[in-house]
Structures are given as C-alpha cells and as structure tokens.
Amino acid sequence: ANDMPGRLVFSTTPDGSNSASERLRITSSGQILIDTDTAFTSTAYRKFQIGQADGGWINLARTGVPSDGNHVGAIQGFTKGANGSYHDTTAMDFKADGTQSNSSKGSKIEFWTTPENSTTKTLSVVINREGKFRTYDTVLGGDYSHHHQGWMQTRTFSVPIINNETRWYKIVNYAAGTMLV
C-alpha cells in the first residue's frame, strides 16, 4: 500500500498546438527516456534511451573551430576500483584530422582501451580522414591496417615472433586473386 513509484516528465507544446507532447521522462528506476514514454529494455542499468521514428541520435559539437587533433566530441567509459576511485578505461574520441576550414572538415575516430593489469587507457584503433583503419596492439606490439580503394584492397599486418621481434607481411587482394608479398 506504500508502493508509490514515481516519474518526472518534461513536456513541450509544439508551435500551433494546444496540447503538450512528452519529450523527456525520468522513470522510477532512474532511466532517462527521450522522445518515448516506454523504455526499450527494462534492464535497470541501461539508463539512457532515445526513441525516434528514424532512430535515436546523439549529437556532439565543438562550438569553436578545432585545430588538427582537437576533440570535437567523445564518449568515455569509467571503471570503479575497490578503493572507490574511478578510471576512464575506454573511450571513443572524435577529433579534427588536418587543417580545418569552411570547405574542409577532416576528422578521425580514435578508440582507446585499457590493457589487463593497467589503469591507463592506450590508443587501440584509429580510422582517419581518408577512411584508413589502423590498430595498435599495445600488448604484443603487433599492428594491422586495412585500406580499400576501388577494386583493390590492401591489408598489412605484423606477427610477433619472439620477444618483440616482428615480421611484416603484405597481402594485396586484386580482382583476379590474392598475392602474398
């Protein structure tokens, strides 16, 4: 009888309308729902949900003109230690890549992860302004990159042999077949 789950609802009235439309809801379990009044999942730790007919979008913007390497947005994950302290252990950073102008907005996405037995995240993957994909193996020292242009694909990778010794291979995929160099 004392069970009174509540919610907080924010509504707006569209221009030319007499009735309010729900825009944001905070449920009794702490979920934040945007443009929907029903959670997509009842899993309590999935706190942030956006529902729209054309898909949920999250937009990040830098309000000043970025220089090469400056952030234009980021999403980070934190892990809490037994001592109560938090460490940012994963990240997806969106950055300017190259000189920025009104007609050039080169950008890259960096993925950061934390190796085992560490609390410091390291660069793991980059997709640059040309669409080139590169991984960084922070544990074994290996490396892999992939580039696709028209009918040809190029993949390069290294294989750690013994004690950080590395042997490089280059694989070229042509329309007619595959060649190992």
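Residues numbered from 1 in each chain as written. Predicted model: local features only at pLDDT ≥ 70, side-chain atom pairs only at ≥ 80, totals over all residues. Heavy atoms only, no water.

### Regarding the sheet that holds strand S3 (residues 32–34)
Just so we agree on the cut-off: When DSSP finds two or more bridges between two strands, those strands count as paired. Think of it this way: any DSSP run of H or I at least four residues long counts as a helix, any run of E at least two long counts as a strand, and we number them from the N terminus. A fitted line through C-alpha atoms represents every axis, and for helices the fit uses only the stretch in contact; the resulting angles, taken between N-to-C directions, go from 0 to 180 degrees.
Within the open sheet, the four strands sit side by side as S1-S2-S3-S4. Their pairing is mixed. The open sheet has two edge strands, strand S1 (8–12) and strand S4 (48–50), and neither has a second partner. With direction set aside, neighbouring strand axes in the sheet form an average angle of 20°. Sheet topology places strand S2 (residues 21–26) next to S3; three bridges connect them, and they run antiparallel. Residue pairing in the sheet places Ile26 in a bridge with Ile32 of S3.

### Quick notes on a nonpolar patch on the surface
What counts here: The patches reported here contain residues having more than 30% relative accessible area and no salt bridge. Joining distances are 9 Å for like charges and 5 Å for nonpolar side chains (Val, Leu, Ile, Met, Phe, Trp, Tyr). The accessible surface values rely on the Shrake-Rupley method and a 1.4 Å probe; as for residues, cover is taken only from the protein chains in view. Basic side-chain nitrogens of Lys or Arg form a salt bridge, by our definition, when they fall within 4 Å of a carboxyl oxygen of Asp or Glu. Partly exposed describes any residue whose relative accessible area lies between the buried limit of under 20% and the exposed limit of over 50%, with all areas from a 1.4 Å probe on protein chains only and scaled to the type maximum.
Among the surface-exposed residues, Phe48, Ile58, Leu60 and Ile75 lie close enough to one another that they form a single nonpolar patch of about 410 Å² accessible area. Along the chain, Leu60 falls in the loop between S4 and strand S5 (71–80). You can call Leu60 partly exposed: its relative accessible area is 44%.

### Focus on the pattern of salt bridges
Applying the stated criterion to the full structure yields five salt bridges. Glu110 serves as the salt-bridge partner of Lys95, at 3.0 Å between the closest nitrogen and oxygen. Taken together, the positions of Lys95 in strand S6 (residues 86–96) and Glu110 in strand S7 (residues 107–113) put the pair 15 residues apart, joining distant regions of the chain. The pair formed by Lys95 and Glu110 is uniform in burial state, with each residue classed as buried. A salt bridge links Lys108 to Glu110; the nearest nitrogen and oxygen atoms lie 3.6 Å apart. A single burial state applies to Lys108 and to Glu110, both of which are buried. The network of salt bridges with common partners includes Lys95, Lys108 and Glu110.

### Quick notes on the confidence of the model for the protein chain
Close inspection of predicted coordinates is inappropriate for parts of the model with low pLDDT. To keep it simple, the criterion reads: The predictor's confidence in any single residue is recorded as pLDDT, a number from 0 to 100. In this description, contact between two residues means that some pair of their heavy atoms is separated by no more than 4.5 Å.
Of all residues in the protein chain, 72% have pLDDT values of 70 or greater, and the mean over the chain is 77. Least confident of the elements in the protein chain is strand S12 (residues 166–174), whose mean pLDDT is 44; most confident is S7, at 94. In the model, residues 157–181 has pLDDT below 50 throughout and makes 51 contacts with residues more than four positions away in sequence or in other chains.

### Here we look at the environment of Asp97
Rules: Throughout this description, a polar contact denotes any pair of N or O atoms lying within 3.5 Å of each other; where both atoms belong to protein, one of them has to be capable of donating a hydrogen while the other can accept it, and for residues adjacent in sequence the pair is counted only when both atoms sit in side chains.
Tracing the sequence through the fold places Asp97 in the loop between S6 and S7. On the accessibility criterion, Asp97 (11% relative accessible area) is buried. Sequence-wise, Asp97 and Lys108 are 11 residues apart; in three dimensions their C-alpha atoms are separated by 5.7 Å. Setting aside anything within four residues of it in sequence, one finds Asp97 in contact with Asp68, Gly106, Ser107, Lys108, Asn128 and Arg129. Within the local environment of Asp97, its side chain forms a polar contact with the side chain of Arg129, the two groups lying 3.1 Å apart.

### Topic: unusual backbone geometry
Phi at Asp35 is positive, roughly 60°, even though this residue is not glycine. Following the sequence through the fold, Asp35 ends up in the loop between S3 and S4. The class of Asp35 is partly exposed, set by a relative accessible area of 31%. Here Asn117, not a glycine, exhibits a phi torsion of approximately 65°, which is positive.

### Structural notes on the environment of Met92
As for its position among the elements, Met92 is in strand S6. Separated by 34 residues in sequence, Met92 and Val126 place their C-alpha atoms 9.7 Å apart. Beyond its immediate sequence surroundings of up to four residues, Met92 is in contact with Gly73, Ala74, Ile75, Ile109, Glu110 and Phe111.

### Quick look at the side chain of Lys95
Take Lys95: its relative accessible area is 12%, and that puts it in the buried class. For Lys95, the side chain forms a polar contact with the side chain of Glu110, separated by 3.0 Å. What Lys95 contacts, discounting residues up to four positions off in sequence, is Gly69, Asn70, His71, Val72, Gly106, Ser107, Lys108 and Glu110.

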